[in-house]
Amino acid sequence: GESVGLHLPTLSVQEGDNSIINCAYSNSASDYFIWYKQESGKGPQFIIDIRSNMDKRQGQRVTVLLNKTVKHLSLQIAATQPGDSAVYFCAETLRADYKLSFGAGTTVTVRA
Amino acid sequence: DTAVSQTPKYLVTQMGNDKSIKCEQNLGHDTMYWYKQDSKKFLKIMFSYNNKELIINETVPNRFSPKSPDKAHLNLHINSLELGDSAVYFCASSLTYQGTEAFFGQGTRLTVV
């Protein structure tokens, strides 16, 4: 499943498939980016981050890609599981001025 | 051993009242924040304190007053509550204010009736 293009508010994914969540950030000067996951009734939880001197970073089952040319960030989740159902936010900031700006979230629903 | 804890989790109050939300972090972080999440899930920063000093104050009505008695605590006091203040308020902390991840509390759902 993929939230194609700039941003889609919802994404439905079959369990076991890969998910791709897209995010367009606003400030070309931003140099630090974070993906957060927010489950129902909980606060946002850090997933993975990336600095602007990188274009890819991998974690456990997750990969973040950064394209500074078009100000685009994506989060790839491998082998999506029911526990991945949540709202996902990208956030950007200038490291010297730590004001995290959050994008509109994408609600991911995993189908069994 | 909750890292960032805020109380209460739910708060229902009448318009015009004054209320406070408390936040504590046991991570030894220098920086703490208050965020507001509206009904559409948009998260927006309100305030940030670094070592008890205010470093970010976004365009927030002055009915909202944060207070940091020490670097482990950041409380939010709201005077003369209005219907539009209804939202989920999140406290967060980070090691420093420069380019490190923020850890969020579980949120306080404020409902003004």
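Being a predicted model, the structure only gives us computed values, none of them experimental.

> I would appreciate a short explanation of the sheet that holds strand β7 (residues 64-70) of chain B in the present structure.
Within a sheet, neighbouring strands are paired by backbone hydrogen bonds and run either parallel or antiparallel to one another. Residues and elements named next belong to chain B. Taken together, 4 strands build an open sheet; the order of strands is β1-β3-β8-β7 and the sheet is antiparallel. A single partner strand is all that each edge strand has here, and the edge strands are β1 (4-7) and β7. Neighbour-to-neighbour, the strand axes of this sheet turn through a mean angle of 20 degrees, independent of strand direction. Bridge count for strand β3 (residues 19-25) against strand β8 (residues 73-78) is 4 bridges, and the pairing is antiparallel. Note on β8: the bridge partner recorded for Lys19 is Ile78.

> What's the story with the interface of chain B and chain A in this structure? I'm lost.
It is common to give the size of an interface as the accessible area that goes away when the parts come together. Listed as interface residues are 21 residues of chain B and, on the opposing side, 18 residues of chain A. Together, the buried faces of chain B and chain A total about 1,600 Å²; carbon and sulfur atoms form 58% of this surface. Across the chain B-chain A interface, the total number found is 0 salt bridges. The interface formed by chain B and chain A contains 3 residue pairs in polar contact (both at pLDDT 80 or more). The set of elements that each furnish at least two residues to the side of chain B that touches chain A consists of β4 (31-37), β5 (43-50), β9 (87-94) and β10 (102-104) of chain B. If you tally residues by element for the side of chain B that touches chain A, the top one is β4 of chain B, at 3 residues.

> Explain the state of the cysteines to me, please; I cannot follow it from the model alone.
Simply put, disulfide is the name for a covalent bond between the sulfur atoms of two cysteines. By the definition in use, this model includes 2 disulfides over all chains. Sulfur-sulfur distance for the disulfide between Cys23 of chain A and Cys90 of chain A comes to 1.6 Å. Pair noted here: Cys23 of chain A is in strand β2 (residues 19-24) and Cys90 of chain A is in strand β8 (residues 86-94), with a separation of 67 residues, a long-range link. According to the relative accessible area criterion, Cys23 of chain A is buried, its value standing at 5%. According to the relative accessible area criterion, Cys90 of chain A is buried, its value standing at 5%. Two residues, Cys23 of chain B and Cys91 of chain B, share a disulfide whose sulfurs are 1.8 Å apart. One disulfide, between Cys23 of chain B and Cys91 of chain B, carries an S-S torsion of -75 degrees and so falls in the left-handed class. Of this pair, Cys23 of chain B sits in strand β3 while Cys91 of chain B sits in strand β9, and the two are 68 residues apart along the sequence. Per residue, the accessibility class of Cys23 of chain B equals that of Cys91 of chain B, and both read buried.

> Looking at this structure, how should I read the environment of Ala24 of chain A?
All names here are of chain A. Secondary-structure assignment places Ala24 in strand β2. Residue classification places Ala24 among the partly exposed residues on the basis of a relative accessible area of 41%. For the pair Ala24 and Thr80, spaced 56 residues apart in the sequence, the C-alpha separation amounts to 22 Å.

> What should I look at first to understand the sheet that holds strand β6 (residues 62-67) of chain A in this one?
All names here are of chain A. With antiparallel pairing, the 4 strands of this open sheet are ordered in space as β2-β7-β6-β5. Pairing within the sheet leaves two strands with one partner each, and these edge strands are β2 and β5 (56-58). Between one strand axis and the next, the sheet turns by 15 degrees as a mean value, whatever way the strands run. With 3 bridges joining them, β5 and β6 adopt antiparallel strand pairing. Residue pairing across strands places Lys56 opposite Leu65, the latter belonging to β6.

> Is there a simple way to think about unusual backbone geometry in this case?
Apart from glycine, the bulk of residues carry a negative phi angle, and the bulk of peptide bonds sit in the trans form. Residue and element names in this part refer to chain B. With omega at -5 degrees, the peptide bond leading from Thr7 into Pro8 counts as cis. Relative to the helices and strands, Pro8 is located in the loop between β1 and β2 (10-13). Although it is not a glycine, Lys41 adopts a positive phi angle of roughly 75 degrees. Mapped onto the secondary structure, Lys41 falls in the loop between β4 and β5. Positioned with a positive phi, Asn51 is a non-glycine residue whose angle comes to about 50 degrees. Mapping Asn51 onto the fold places it in the loop between β5 and β6 (53-57).

Conventions we followed
- Residues numbered from 1 in each chain as written.
- Chains lettered and ligands numbered in written order.
- Predicted model: local features only at pLDDT ≥ 70, side-chain atom pairs only at ≥ 80, totals over all residues.
- Heavy atoms only, no water.
- Pairing = 2+ DSSP bridges.
- Helix = DSSP H or I, 4+ residues; strand = E, 2+ residues; numbered from the N terminus.
- Axes fitted to C-alpha atoms, helices over the stretch in contact; angles between N-to-C directions.
- Contact = heavy atoms within 4.5 Å.
- Buried area = accessible area lost by both parts, 1.4 Å probe.
- Salt bridge = Lys/Arg side-chain N within 4 Å of Asp/Glu carboxyl O.
- Polar contact = N/O pair within 3.5 Å; in protein donor to acceptor, adjacent residues only side chain to side chain.
- Disulfide = S-S within 2.5 Å.
- Buried < 20%, exposed > 50% of the residue type's maximum accessible area, 1.4 Å probe, protein only.

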